[in-house]
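Listed below, chain by chain, are the residues.
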Amino acid sequence: MRKILLGVNIDHIATIRQARGTNYPNPVEAAVLAEAAGADGITVHLREDRRHIQDYDIYALQKAIKTRLNLEMAVTDKMIDFALKTKPAHCCFVPEKRAELTTEGGLDVLTNEVKVRLACEKLQNAGMEVSLFIDAHEAQIEAAVRCKAKAIEIHTGQYAEVADPTLQHIELVKIIHAVKFAHDRGLIVNAGHGLHYENVQAIAKISFINELNIGHAIIAKAMMIGMREAVKEMRNLMDAGNDKCQKL
Ligand code: PXP
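What this report covers is the structure whose coordinates are included nearby. (Residues numbered from 1 in each chain as written. Predicted model: local features only at pLDDT ≥ 70, side-chain atom pairs only at ≥ 80, totals over all residues. Heavy atoms only, no water.)

## Focus: the overall build of the chain
Of the regular secondary structure elements, the chain holds ten helices and eight strands. In summary, the chain has a C-alpha radius of gyration of 20 Å against a globular reference of 18 Å for 248 residues, a match within 12%. The dimensions of the chain, computed from C-alpha atoms along their principal axes, are 75 × 45 × 40 Å. Expressed as a percentage of its 248 residues, the buried residues of the chain come to 44%. Excluding contacts between residues fewer than 6 apart, the proportion of contacts in the chain whose partners are at least 24 apart in sequence is 66%. With an accessible surface of roughly 13,800 Å², the chain has 57% of that area assigned to carbon and sulfur atoms. (Helix = DSSP H or I, 4+ residues; strand = E, 2+ residues; numbered from the N terminus. Rg over C-alpha atoms; globule rule 2.2 N^0.38 Å. Buried < 20%, exposed > 50% of the residue type's maximum accessible area, 1.4 Å probe, protein only. Contact = heavy atoms within 4.5 Å. Areas by Shrake-Rupley, 256 points an atom, 1.4 Å probe, with all protein chains shown as cover.)

## Regarding the sheet that holds strand β6 (residues 151–155)
Around the barrel, eight strands lie side by side as β1-β2-β3-β4-β5-β6-β7-β8; this closed barrel has parallel pairing. Each neighbouring strand pair of the sheet contributes to a mean axis angle of 25 degrees, computed without reference to strand direction. Summarising the sheet, strand β1 (residues 5–9) and strand β8 (residues 209–214) pair through four bridges and their orientation is parallel. Directly across from Leu 6, in β8, lies its bridge partner Leu 212. (Pairing = 2+ DSSP bridges. Axes fitted to C-alpha atoms, helices over the stretch in contact; angles between N-to-C directions.)

## Side note on helix α1 (residues 11–20)
Looking only at α1, the buried set comprises Asp 11, Ile 13, Ala 14 and Arg 17. Taken end-on, α1 shows its buried residues confined to a sector of 155 degrees, consistent with a single buried face. For α1, the exposed residues set more than 90 degrees away from the buried face come down to Ala 19 and Arg 20. Buried residues along α1 sit in contact with β1, α2 (27–36), β2 (41–45), α3 (55–64) and α10 (216–243). Within two residues after α1, Gly 21 carries a phi angle of roughly 65 degrees, on the positive side. (Arc of directions from axis to C-beta.)

## Re a nonpolar patch on the surface
A grouping of Ile 16, Met 223 and Met 224 is seen on the molecular surface, where their side chains present a nonpolar patch of about 310 Å² in accessible area. By secondary structure assignment, the location of Ile 16 is in helix α1. (Patch = residues over 30% accessible without salt bridge, like charges linked within 9 Å, V, L, I, M, F, W, Y side chains within 5 Å. Salt bridge = Lys/Arg side-chain N within 4 Å of Asp/Glu carboxyl O.)

## Examining unusual backbone geometry
Here the bond from Tyr 24 into Pro 25 is cis, since omega is -10 degrees, no more than 30 degrees from zero. With respect to the element layout, Pro 25 can be found in the loop between α1 and α2. Even without a glycine there, the phi angle at Arg 50 is positive, about 50 degrees. Looking at where Arg 50 falls in the secondary structure, it is placed in the loop between β2 and α3. A positive phi angle, near 50 degrees, is found at Lys 87, a position not held by glycine. Of note, Lys 87 is situated in the loop between α4 (77–86) and β4 (90–93).

Written out as structure tokens, the structure reads:
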């Protein structure tokens with residue numbers, strides 16, 4: 001039986017750390033816990049504005065993780081140089097706009113074909129597997145094939161965002177069609193963005209999906225599941241301190 005791989009995106013562990021400029025929570029610790037729980041890979045997006053993951057996280061993750069690092073990055077010379085220097089097992093090219101809250105839409109491979117093809121060539125010649133994060137459109141898939149990318153990641157954001165069930169079904173059908181179209185053309189097909197505990201199963205049912213990359217929903221769930229223990233531990237520490245209280 002096939003097993004869909006789970007890439008756990010830990011960006012938002014770093015988001016919480018960067019919000020206070022502390023050295024916790026540590027993305028490396030989160031990655032190790034995710035692996036122990038069954039993650040098949042760890043995904044991080046090193047954004048140009050470094051709003052969450054930092055360069056030093058990549059070095060630390062590479063030393064600590066036992067599975068596979070998937071580095072999401074913009075198609076820029078600086079990021080390509082960084083990938084060539086650090087050599088993660090897998091790189092995923094994504095579009096990047098400074099003001100966006102998160103990645104909006106897939107990479108437009110079609111209109112940036114030469115640039116994307118050269119970027120794929122550089123990283124794949126250096127031994128990395130490259131995927132392109134694209135919308136579920138045949139023309140983008142065909143452009144990815146021409147760029148000789150090994151893999152694509154289909155953007156599931158629109159499917160995840162629409163509230164209306166009929167519109168969501170239309171998005172799902174587009175994804176199902178795109179997965180088959182890409183698989184038939186020899187691409188490894190991954191998917192991700194916006195997937196959560198209620199919408200993941202319809203995507204996991206699709207044949208030929210190799211891997212799902214999921215971040216925000218897992219980090220959000222981890223906070224809720226961990227809340228009870230975190231408060232208990234603080235309560236116990238305060239009570240233990242209070243027991244040792246000296247009268248001034
Ligand atoms: N895949 C890609 C290419 C992404 O850019 C992201 C977000 O960084 C994800 C998957 C994970 O998305 P989410 O955090 O919504 O699960």
